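Summary of structural features
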Amino acid sequence: MLMGRPVLAAQNAPAKTIELQRNGQWVLDADKQYCAIGARFGEGDQAITLQMYRYSLGDELEVRLISNRFHLNHLKNTISIGFGQGLDKADALGGSADGVPMMVAPNLRLVPAVAARGKVMQDVPPVTPEQEEAVTSILFSAPTGLWFRLATGSLKYPMLALRSCTVGLVNSWGYDSKEQAALKTAATPTVSPERWITFLDAPFRLLAKDSPVGSVLFRLDVTIEGKVADCTILTAIADERLRKATCDVLSRRATFYPARNAAGEPVRSFYINRVNWTNA
């Protein structure tokens, strides 16, 4: 059982890539649980759809790449990805979107991930509008070994739209987005999240089959006392029973040091993380 951010390692750029131009406009999707902006690159059934998701305030992105070009055999795939400032190796989840192969790479930032490694996320400098404007392409490798460059054009306005959307998203959950953005400390687990869920928490029928495999992204609403008030599944590549088990177990076991506002007072907040169910 693994929860938290993948370990990333810097990679060198490849000598040869397949270049794909953006085909159409960026499309914003403002859901109740997330904000996403996406576009299509290339033509026909070999096109690649890029979708960039945010589930909260801040700079972290979940990048989804959808295409018949990909051949994914496992839940976990290792890819390299970069936004014009170097490459990083990341663990990408394998799935499908309407039957088309999909790679999901969470916990990415437009600036090199190596800059954030080893730091508490609150101590990492925010990505600036100037850095967003400077990004004009996304380079990545597929598990097959092929390399692709998506000519996005400047990400200034797509990121502006995504940032505005997430402000409305957090407000819609009943929080003050300005207060949440200015927290002195976020809601922090009292113990390592890896201790919250184990393989043995999988539903019995899945456990008997030795196959409780899946990935679930969740949000926990945390009270000023540090207790879990509610659990919401934001997205999942998992059996419905694993989704239910995730919230059932976390609602019982997860405890927090409450978030504190700029004045140091405890306030309601939320905590977002991912649980990867594995049979190992």
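These figures come from a predicted structure and were not determined experimentally.

**What to know about the overall build of the protein chain**
- Tallying secondary structure elements over the protein chain gives five helices and 19 strands in all.
- Across the 280 residues in the protein chain, those meeting the buried criterion constitute 46%.
- Counting only contacts in the protein chain whose residues sit at least 6 apart along the sequence, the fraction spanning at least 24 positions is 64%.
- Total accessible area computed for the protein chain in this model is approximately 13800 Å², and 52% of it derives from carbon and sulfur atoms.

**Focus: the pairing of strand β14 (residues 214-222)**
- Most of β14 sits inside the fold, with nine of its nine residues counted as buried.
- Of the two faces of β14, the one lined by G214, V216, F218, L220 and V222 and the one lined by S215, L217, R219 and D221 are each fully buried.
- Pairing between β14 and strand β19 (residues 269-277): nine bridges, direction antiparallel. Counted as the bridge partner of S215 is N276 from β19.
- Where β14 and strand β15 (residues 228-237) come together, eight bridges link them in antiparallel fashion. Its bridge partner being in β15, D221 is matched across the sheet by D230.
- Connecting the antiparallel pair β14 and β15 is a turn made up of five residues, with G226 showing a positive phi of about 85°.

**Concerning unusual backbone geometry**
- Here D98, not a glycine, exhibits a phi torsion of approximately 55°, which is positive.
- Position of D98 relative to the elements: it lies in the loop between β9 (87-97) and β10 (100-108).
- Unlike most non-glycine residues, N107 shows phi in positive territory, near 60°.
- Tracing the sequence through the fold places N107 in strand β10.

**Considerations on the state of the cysteines**
- A complete count under the given rule lists two disulfides for this structure.
- Across the disulfide, C35 is cross-linked to C165 (sulfur-sulfur distance 2.1 Å). Given an S-S torsion of about -85°, the disulfide between C35 and C165 has left-handed geometry. Taken together, the positions of C35 in strand β5 (residues 35-41) and C165 in helix α2 (residues 156-172) put the pair 130 residues apart, joining distant regions of the chain. Judged on exposure class, the residue C35 and its partner C165 are both buried.
- Sulfur-sulfur distance for the disulfide between C231 and C247 comes to 2.0 Å. Disulfide C231-C247: the torsion about the S-S bond is -75°, which places it as left-handed. Here C231 is found in strand β15, whereas its partner C247 is found in helix α5 (residues 240-253), with 16 residues between them in sequence.
- In this structure C247 comes out as buried when scored by relative accessible area, which is 13%.
- When the bonded cysteines of the protein chain are numbered from the N-terminus onward, they pair as 1-2, 3-4.

**Quick look at the nonpolar core**
- Counting 40 residues, the largest nonpolar core has L50, M52, L65, F70 and F140 as the members making the most contacts within it.
- Beyond its immediate sequence surroundings of up to four residues, F70 is in contact with I48, L65, P101, M103, F140, A142 and F148.

**Points about the packing of aromatic side chains**
- Applying the stated criterion across every chain, the model contains 13 aromatic pairs.
- Judged by centre distance (6.3 Å) and plane angle (70°), the ring pair of W26 and F41 falls under edge-to-face. On the criterion of sequence distance, the pair formed by W26 in the loop between β3 (18-21) and β4 (27-30) and F41 in strand β5 is long-range, its members being 15 residues apart.
- Accessibility expressed as a relative area gives 0% for F41, which makes it buried.
- Each member of the aromatic cluster is reached from another via a ring pair, and the members are W196, F218, F256 and Y271.
- The ring of Y53 has R64 lying over it, and the distance from NZ or CZ to the ring centre is 4.0 Å.

The rules we used
Residues numbered from 1 in each chain as written. Predicted model: local features only at pLDDT ≥ 70, side-chain atom pairs only at ≥ 80, totals over all residues. Heavy atoms only, no water. Helix = DSSP H or I, 4+ residues; strand = E, 2+ residues; numbered from the N terminus. Buried < 20%, exposed > 50% of the residue type's maximum accessible area, 1.4 Å probe, protein only. Contact = heavy atoms within 4.5 Å. Areas by Shrake-Rupley, 256 points an atom, 1.4 Å probe, with all protein chains shown as cover. Pairing = 2+ DSSP bridges. Disulfide = S-S within 2.5 Å. Core = buried A, V, L, I, M, F, W, Y, C linked by side-chain atoms within 4.5 Å. Phe/Tyr/Trp six-rings, centres within 6.5 Å; stacked < 30°, edge-to-face > 60°. Lys NZ or Arg CZ within 6 Å of the ring centre and 35° of its normal.

Without other data, these values stay purely geometric and don't point to any function.
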